[in-house]
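# Fold and contact review
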Amino acid sequence: MDVRGHGKNKSSYALIVSIIILCPSLVFAWQEKVVRVKDGDTIVVRKGSSNVDIRLYGIDTPESSQWYGQNAKTFLANQISGKTVSVNKIDEDRYGRVVGLVSAGNLVINRHLVKNGYAWVYDKYCNKHFCSEWSRLEAQARKAKKGLWKKEDIIPPWEYRHGGGGQQGQGSTTEDKDCSDFDTQAEAQRFFEKHQPGDPHNLDGDGDGEACESLP
């Protein structure tokens, strides 16, 4: 009997058990390639033969037509576009999007956006143990006037989406919309067709002419 080999097996087993106990979320993470960055907090990854929308858990970035909205999207794209990322699913929203933590190597992208001043901690939905640390990072970014915090009167995106943005958009008088602003696909489709040509609100993710196909 090879005692040395047996010892190695026991050590490997102990390491796996330790990972499961201390970091259970890692066990359920899956790795996929990023095929598109839709905005500052939503990406599309390729899983098998399908594209899957991933909404970054616990944060909210400015809308595309808000101050720093495009900056947040560009920053996120620079971190992960075309890369293989780990996705740890936490939930699924009513529009069928996976809501989760996205990591590039050891870097948790959700946290990284907050730390660098590109996102709010979405207190209404961030209820995990790490959310309090993210809130401290947000306060530090705000104090240092990083990123979006350079502007003192920036309106939170959840208020902006519901008409509280006034004329804060970047040259646009129309409030930016996403699929979560509609109750049905038919409603989204009418809005999409009304704002042709093009897709200024990014409602048609796969470019087939059908808006927000995940909606009922």
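Look above for the structure.
Residues numbered from 1 in each chain as written. Predicted model: local features only at pLDDT ≥ 70, side-chain atom pairs only at ≥ 80, totals over all residues. Heavy atoms only, no water.

This brings us to the state of the cysteines. If you walk through the whole model with that rule in mind, you get two disulfides. Across the disulfide from Cys126 sits Cys131; the S-S distance is 2.0 Å. Judged by the torsion about the S-S bond (-85°), the Cys126/Cys131 disulfide is left-handed. Each member of the pair, Cys126 as well as Cys131, is classed as buried. (Disulfide = S-S within 2.5 Å. Buried < 20%, exposed > 50% of the residue type's maximum accessible area, 1.4 Å probe, protein only.)

This next bit is on the packing of aromatic side chains. If you walk through the whole model with that rule in mind, you get nine aromatic pairs. Arranged with centres 4.1 Å apart and planes meeting at 15°, the rings of Phe75 and Tyr118 form a pair that is stacked. Here Phe75 is found in helix H3 (residues 69–80), whereas its partner Tyr118 is found in the loop between helix H4 (109–115) and strand S8 (120–121), with 43 residues between them in sequence. Judged by relative accessible area, Phe75 falls into the buried class, the value being 15%. Relative accessible area serves as the criterion here: at 15%, Tyr118 is assigned to the buried category. (Phe/Tyr/Trp six-rings, centres within 6.5 Å; stacked < 30°, edge-to-face > 60°. Helix = DSSP H or I, 4+ residues; strand = E, 2+ residues; numbered from the N terminus.)

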